[in-house]
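Coordinates in review
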Amino acid sequence: MFNLFERRLAPLDSPSVVIASTLGSIVLALAIGAFLFIPFGTNPLLAYFSLFESSLGSLRGFGMTLNRAAPLILVALGTCVAWRAGFGFLGFEGCMTIGAAAAAWFALVGVSEDGQGILLPALLFWPAMLAVAFAAGGIWAGSVGVLRTRYGGNEVLISLMMNYVAIFLVQYLVSGPMRASGSLPQTDRFPTESWLATIIPGTRAHAGILIAVGAAFLVWLLISRMRVGFELVVTGLSPLAARYSGIDVGRRYLLAAVGAGGLGALAGLVEVLGTQHRLMDGLSGGLGFIGIVVALLAKLNPLLIVPVALLYAALSVGADALQRSTGVPSSIIFILQSLIVLFVMASDFIRYWRPRLPRFGAAIVQEER
Amino acid sequence: MFDDFAFSAFVVTWLAAGIRLAGPLLLAALGEIYAERSGVLNVGIEGTILLGALGAYLVTYATGSPWLGVFGAVAAGVISNLFLAWMYVTVMANQVVVGVVFNIFALGLASYFYRIVLGTSGNPELIPMIGSISIPGLSDLPILGPILFSQSALFYVSIVIVLIAEFVLLRTRFGLNVRAVGENPRAAANAGISVVGIRYICVLLSGAGAGAAGGYLVLAQIGLFRDTMVVGQGFIALAIVIFGRWRPIYAALAAFAFGATDALQLSLQLFSFDVAPQLLLSLPYVFTVIAVSGLIGKTAQPAALMEPYRDR
Amino acid sequence: MLPAVELRGIVKRFANVLANDHASLSVLPGEVHALLGENGAGKSTLMQVLYGSYHADGGEILLDGSPVHFANQRAAIHAGIGMIHQDFMLVRPFTVAENVVLGLDGELQLYEEKRGILDLAGASRRIEELSTHHGLQVDAGARIEHLPVGVQQRVEILKLLYRNARILILDEPTAVLTPQETAKLLETLRSLAAEGRSIIIVTHKLHEIIEVADRVTIMRDGKTVATVAKEDTTEAELARLMVGRDVLLRVRKSPLKRGATLLTTQGLKVNDDRGEEAVSGIDLSVNAGEIVGIAGVDGNGQSQLVEALAGLRPVMGGQISMEGTDITHGTPACRKACGIAYVPADRRGVGSVGTLSIEDNSVLCNLGAFTGKFGVFRDRARSRSHARDLVARFGVKAPDIRFPAGKLSGGNLQKMILGREIMQQPKLLIVEQPTRGLDVGAIEGVWAELLKVRDSGQGILLVSAELEEIRNLADRILVIFEGRFMGELRPEDADDETIGLMMAGRSGKTRTMTHV
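Cut-off values and rules
- Residues numbered from 1 in each chain as written.
- Chains lettered and ligands numbered in written order.
- Predicted model: local features only at pLDDT ≥ 70, side-chain atom pairs only at ≥ 80, totals over all residues.
- Helix = DSSP H or I, 4+ residues; strand = E, 2+ residues; numbered from the N terminus.
- Buried ≥ 20, exposed ≤ 12 C-beta atoms within 10 Å, placed from the backbone.
- Contact = placed C-beta atoms within 7 Å.
- Rg over C-alpha atoms; globule rule 2.2 N^0.38 Å.
- Axes fitted to C-alpha atoms, helices over the stretch in contact; angles between N-to-C directions.
- Parallel < 35°, antiparallel > 145°, perpendicular 65-115°, else oblique.
- Left-handed = near helix turned anticlockwise from the far one by under 90°.
- Nonpolar A, V, L, I, M, F, W, Y, C, P; charged D, E, K, R; others polar.
- Arc of directions from axis to C-beta.
- pLDDT = per-residue confidence, 0-100.
- Pairing = 2+ DSSP bridges.
- Domains from an automatic or database assignment.
- Core = buried A, V, L, I, M, F, W, Y, C linked by C-beta atoms within 7 Å.

Comments concerning the overall build of chain A
Across its full length, chain A holds 15 helices and two strands. Judged by the C-alpha coordinates and their principal axes, chain A covers about 100 × 60 × 35 Å. Residues counted as buried form 52% of the 369 residues belonging to chain A. Once local pairs closer than 6 in sequence are excluded, the contacts in chain A between residues at least 24 apart make up 79%.

Some words on the overall build of chain B
Looking only at helices and strands, one finds 13 helices and zero strands in chain B. Listed N to C, the secondary structure of chain B is α-α-α-α-α-α-α-α-α-α-α-α-α in terms of helices and strands. At 20 Å, chain B has a C-alpha radius of gyration in line with the 20 Å of a compact globule built from 312 residues. The C-alpha extent of chain B, read off along each of the three principal axes, is 65 × 50 × 40 Å. Classification of the 312 residues of chain B by burial places 58% in the buried group. Across chain B, the fraction of contacts at a sequence separation of at least 24, relative to all contacts at a separation of at least 6, is 78%.

A few points about the packing of helix H2 (residues 45-63) of chain B against helix H9 (residues 195-222) of chain B
All names here are of chain B. Axis separation between H2 and H9 bottoms out at 7 Å; the angle between their running directions is 55°. For the element pair H2 / H9, the angle class is oblique. For the pair H2 and H9, the sense of crossing is right-handed. From H2, Ile45, Thr48, Ile49, Leu50, Leu51, Gly52, Ala53, Gly55, Ala56, Tyr57 and Thr60 reach across to H9, where they touch Ser206, Gly207, Ala210, Gly211, Ala212, Ala213, Gly214, Gly215, Leu217, Val218 and Leu219. When its residues are assigned to classes, the contact of H2 with H9 shows 13 nonpolar, nine polar and no charged.

Some remarks on helix H13 (residues 283-292) of chain B
Residue and element names in this part refer to chain B. Restricting attention to buried positions, one finds in H13 the residues Pro284, Tyr285, Thr288, Val289, Ala291 and Val292. Along the axis of H13, the buried residues cluster in a sector spanning 165°; they form a single face. Within two residues after H13, glycine 294 carries a phi angle of roughly 85°, on the positive side.

Looking at unusual backbone geometry
With glycine set apart, most residues show a phi of negative sign, and most peptide bonds adopt trans. Phi at lysine 299 of chain A takes a positive value of approximately 55°, unusual for a residue other than glycine. Examined against the element boundaries, lysine 299 of chain A turns out to sit in the loop between helix H11 (287-297) and helix H12 (302-326). Unusually for a residue other than glycine, glutamate 172 of chain C sits at a positive phi of about 45°. The topology assignment puts glutamate 172 of chain C in the loop between strand S7 (167-171) and helix H6 (179-194).

Digging into the interface of chain A and chain B
Contacts between chain A and chain B engage 44 residues on the former and 39 residues on the latter. Of all the secondary structure elements, the ones that give two or more residues to the side of chain A that touches chain B are helix H5 (122-151), helix H6 (155-175), H11, helix H13 (332-346) and helix H14 (348-352) of chain A. Looking at which element gives the most residues to the side of chain A that touches chain B, the answer is H6 of chain A, with 13 residues. Broken down by class, the residue content of the side of chain A that touches chain B amounts to 31 nonpolar, 11 polar and two charged.

With respect to the interface of chain B and chain C
In this complex, chain B contributes 17 residues to the contact, which on the side of chain C involves 20 residues. If you list the elements that add at least two residues to the side of chain B that touches chain C, you get helix H7 (173-183) and helix H8 (185-190) of chain B. Residues that form the side of chain B that touches chain C fall into these classes: eight nonpolar, four polar and five charged.

Re the confidence of the model for chain B
Residue and element names in this part refer to chain B. For chain B, per-residue confidence averages 87 on the pLDDT scale, and residues scoring 70 or more make up 93% of the total. Across chain B, the secondary-structure element scoring lowest on mean pLDDT is helix H5 (residues 144-148), at 70, and the one scoring highest is H7, at 96. Here the predicted complex scores 0.88 on pTM and 0.87 on ipTM.

Some words on the sheet that holds strand S19 (residues 476-481) of chain C
Residue and element names in this part refer to chain C. The six strands are arranged S16-S17-S18-S13-S19-S20 in an open sheet whose pairing can be described as mixed. At either margin of the open sheet sits one strand with a lone partner, and together these are strand S16 (340-343) and strand S20 (484-489). Averaged over all neighbouring strand pairs, the angle between strand axes comes to 20°, with direction disregarded. Note that strand S13 (residues 291-295) and S19 share four bridges and pair parallel. Directly across from isoleucine 294, in S19, lies its bridge partner leucine 478.

Quick notes on the domain arrangement of chain A
Residues and elements named next belong to chain A. Parsing chain A into structural domains produces domain 1 (1-42 + 328-355) and domain 2 (67-325). Taking only C-alpha atoms into account, the centre of domain 1 sits 29 Å from that of domain 2. On the domain 2 side, the residues contacting the 11 residues of domain 1 number 11 residues. Residue classes in the side of domain 1 that touches domain 2 are distributed as eight nonpolar, three polar and no charged.

Some details on the confidence of the model for chain A
Mean pLDDT over chain A works out to 86, with 92% of the residues at or above the 70 mark. Here residues 359-369 of chain A scores under 50 on pLDDT; set against residues more than four positions off or in separate chains, the count is eight contacts.

What to know about the nonpolar core
Formed by 397 residues in total, the largest nonpolar core has its most connected members in Ile73, Val294, Ile305 and Ala309 of chain A, Ile240 of chain B together with Val479 of chain C. A per-element tally of this core places H9 of chain B first, with 16 residues. Discounting chain neighbours no more than four positions away, the residues touching valine 479 of chain C are Ala295, Gly296, Phe485, Met486, Gly487, Leu489, Ile499, Met502 and Met503 of chain C.

Structural data, given as structure tokens:
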């Protein structure tokens with residue numbers, strides 16, 4: 001390989017090259033993914049068609065895509081906040097779980113004695129609900145931030161491990177303290193007032209997508225318009241320069257951790273109040289990692305995150321439908337979704353290296369002599 | 001509380017299980033030590049373990065020989081890490097990002113191929129496993145015998161590998177080169193060492209270790225394959241590397257400590273203690289958090305860890 | 001005599017510069033050959049080509065008259081070439097012996113080892129022999145990180161001798177040495193040349209060349225402009241060849257108008273990154289309107305001192321006050337509020353953020369002044385006009401203010417950082433190695449700006465390893481050695497010998513000055 005390629009003098013970094021390599025990666029991943037359908041006797045083109053047909057082709061499917069996109073957007077936004085500040089947080093599975101548990105707790109506590117209706121008026125209930133979930137996730141992830149800034153712990157590993165701790169914690173809650181009567185380890189169904197409202201009649205699309213898009217706007221405002229956002233970005237790019245210029249680096253990491261955890265928790269809230277309406281085990285289902293992948297593909301840009309998340313959500317809703325109709329396992333979607341990002345990263349190779357051509361340099365020197 | 005006999009029975013079951021559970025962690029950590037000593041943080045070992053487990057299962061399923069299964073596990077680990085090495089070393093992508101995304105990819109790939117080969121329905125078939133070996137004489141020792149000397153053959157192999165890994169890292173040319181590349185790649189390059197070459201080899205070694213760990217899971221612990229069987233063992237191996245201060249022997253001790261924590265839950269349940277099993281299950285992870293939190297002393301990692309090396 | 005090594009018409013291109021433009025060099029056996037040139041003239045690149053680190057885009061290398069091609073450093077080492085880089089290529093946690101034998105396997109193996117198993121005992125023995133033979137004392141079992149720089153350099157030389165290198169390249173070998181250590185090194189090099197080895201010294205220091213070299217090749221803008229024998233030239237001629245015009249040697253300074261005391265420290269103690277004491281009880285005061293220069297060899301605590309003053313490093317003992325206010329434990333932001341500005345030595349790593357635009361960098365240290373009413377949102381209109389002012393006033397050459405700061409040349413980046421700090425109108429400006437790595441034109445510019453700041457009644461604390469700079473700018477000179485001041489000098493008393501002895505740790509003839 002080292003003889004076939006040589007390093008470019010300067011990397012190709014014009015926007016068009018970046019866009020082309022991203023689109024090329026998506027196409028290439030889908031092309032490779034096509035082979036995955038063959039053992040199941042499915043025509044890949046038809047499979048892709050029916051995949052997108054079922055997720056985007058009907059209002060009902062689109063509603064499901066929106067529902068799937070909402071938590072992805074929120075996790076991706078959390079990734080954006082954390083990673084742009086240089087905080088290598090990977091604990092979104094845990095934050096989602098914790099956020100869902102907090103939302104479930106609040107939804108269940110908020111019920112009046114007779115089990116009918118909620119105690120707070122809706123105008124207060126929803127802000128309080130969002131605040132409770134955000135705070136729970138913020139504290140969960142913030143503790144990782146404290147370990148990193150105070151004690152120099154490794155946030156990558158700590159946050160990975162905290163995922164499992166959170167999952168076991170919720171398993172414990174739904175099989176013990178919060179368990180409803182019945183055979184399954186799960187809580188009671190929440191009162192309908194605490195469900196996220198349906199926003200498109202005739203579909204299951206709920207208000208989660210509104211929360212997600214609103215959050216995307218706020219994160220964009222934070223990163224590109226606000227002073228503290230600029231400080232986060234400087235911290236992420238160069239902690240030394242940030243400290244030198246008077247930014248309190250530790251506090252910025254902590255802020256990023258809390259923000260990321262809070263956004264991750266909102267993703268959990270959206271899942272539990274929008275789709276499942278009760279707390280049970282195994283809620284995040286890998287969304288906490290796919291959300292990171294979405295953020296990477298969107299180059300950590302809060303506004304790009306929304307369309308990328310929609311694409312990923314469409315892929316995954318479509319794959320579920322495909323599994324039901326043809327038996328192609330929906331796990332191919334993990335392959336497709338990760339391949340896209342791996343190819344985007346690998347395409348940097350082409351931006352930095354070029355095929356080695358016969359050496360003209362030597363010949364030129366000869367002539368000049 | 002309990003009498004002497006029950007206590008020693010508890011300790012024996014617990015520690016024997018701890019050592020059994022430590023095996024995969026140990027193998028994965030050994031490979032990772034080489035990768036990290038050469039300056040590459042290979043987070044992808046989580047996915048590699050899964051692919052190794054799949055490789056071991058499929059090869060054993062097809063051939064009926066668990067030892068060929070070990071070979072299949074190592075091969076799956078090495079081949080998949082060839083891609084990772086290319087991403088880490090040649091493309092110079094962010095190592096954590098590549099590892100995390102690769103783990104998702106491996107999860108998809110493992111469950112896809114498993115479905116293909118075995119069909120969508122039906123229960124997974126058990127495959128032949130690698131049996132335990134009771135070392136004559138030693139296995140009859142009280143307490144120590146059942147704990148240490150009646151383990152799977154793979155366990156003894158792993159112990160030998162620990163000793164070899166320690167010796168190679170600290171006493172040989174290759175080990176010196178690896179350590180130099182991880183501490184100061186430019187200095188190593190200027191002394192005539194191929195940084196790229198060493199890093200490729202080390203990532204492939206970590207692939208072999210993680211693949212073998214997957215094989216260990218399937219062939220010495222469970223006897224079947226599930227796409228949920230790895231659940232963070234690769235990440236725990238990363239913590240073991242830190243805990244073991246990047247030294248194979250210390251890592252072995254750390255792996256046993258982690259294995260014992262994990263086994264505590266099984267043993268306590270077996271002896272019907274009234275503790276919520278989920279809280280016990282989370283112990284190894286809590287333990288890891290504490291281990292890497294920086295609360296109990298920091299150790300110097302290889303100076304060039306996670307830093308891609310650009311030559312020319 | 002056939003040259004031991006010859007470079008012919010070497011061309012080396014980087015992204016936006018032609019680093020070597022048909023550069024040629026020929027070195028005889030037993031010769032000490034100096035490669036002279038300013039920073040950025042292409043000396044290091046040329047040597048990296050010879051050492052196999054870079055592939056030339058054109059030209060050829062001949063060893064003893066026959067052409068060779070080095071695919072990598074390994075091939076060059078195999079051919080008997082050894083190089084000591086400016087920043088030493090030693091693995092810090094390794095012992096001396098481990099560093100010396102590093103990479104000597106395969107075709108580079110010198111002594112028999114069984115199946116790749118290290119023989120450090122044998123290596124240590126041979127190192128001891130070599131070091132007694134050449135008078136380079138080292139302890140083969142010591143770890144590099146515990147050795148002073150001077151000893152580390154001995155290790156680097158021993159590394160080459162162990163490999164029996166015939167051609168020794170030393171890149172700026174004296175940058176981190178005291179004048180006395182330098183003299184010792186040059187003596188060693190002469191004796192190595194007398195054994196028939198060829199020595200190439202890469203440097204920009206004229207007087208060293210005059211002391212040691214047989215011949216000098218001068219590089220300018222990537223070209224080798226001349227090769228002259230030492231007897232046939234003078235320091236002035238070499239300087240002119242190097243720069244391409246007559247060098248400015250003195251600056252005009254207006255008379256000192258010393259104002260009120262700004263910064264004082266008492267018994268200041270600061271640790272380095274490894275937790276060892278780097279600054280051991282320093283008393284310092286800087287007044288308005290003066291430049292206080294701190295001279296010293298790199299690594300004697302001056303970096304830790306200024307970092308503590310800027311609030312970037314915790315103070316372990318003693319006191320810092322600014323205009324009578326105690327700021328010993330204040331944050332960097334608090335230092336700024338007291339009117340202290342700081343231009344760090346590491347321009348790219350600390351002083352700026354490379355991927356951000358000039359505009360973003362121009363407000364970096366003063367974000368509060370560029371926000372809207374409530375301090376929440378940034379006021380981009382104001383920061384844009386500020387950046388334009390900065391670029392215009394300090395002559396930063398850049399296409400526009402959206403240009404990434406990391407792509408500026410060293411000189412332009414320094415102008416931007418210096419300008420940014422000066423435009424905050426601090427009472428005290430701390431500058432560390434302000435002209436390191438800059439070409440002569442940029443140096444003149446930076447010096448002029450610093451003098452303007454002084455003349456407008458602000459105080460400056462200047463830390464520099466360049467004696468020329470300290471002598472030209474400072475009103476008082478403090479010499480630092482191992483975390484202590486060895487004494488205070490007036491610039492006119494700071495001749496090479498006096499200051500050199502103080503830099504090496506002997507307190508000189510201190511002349512205490514009385515000031516208001």
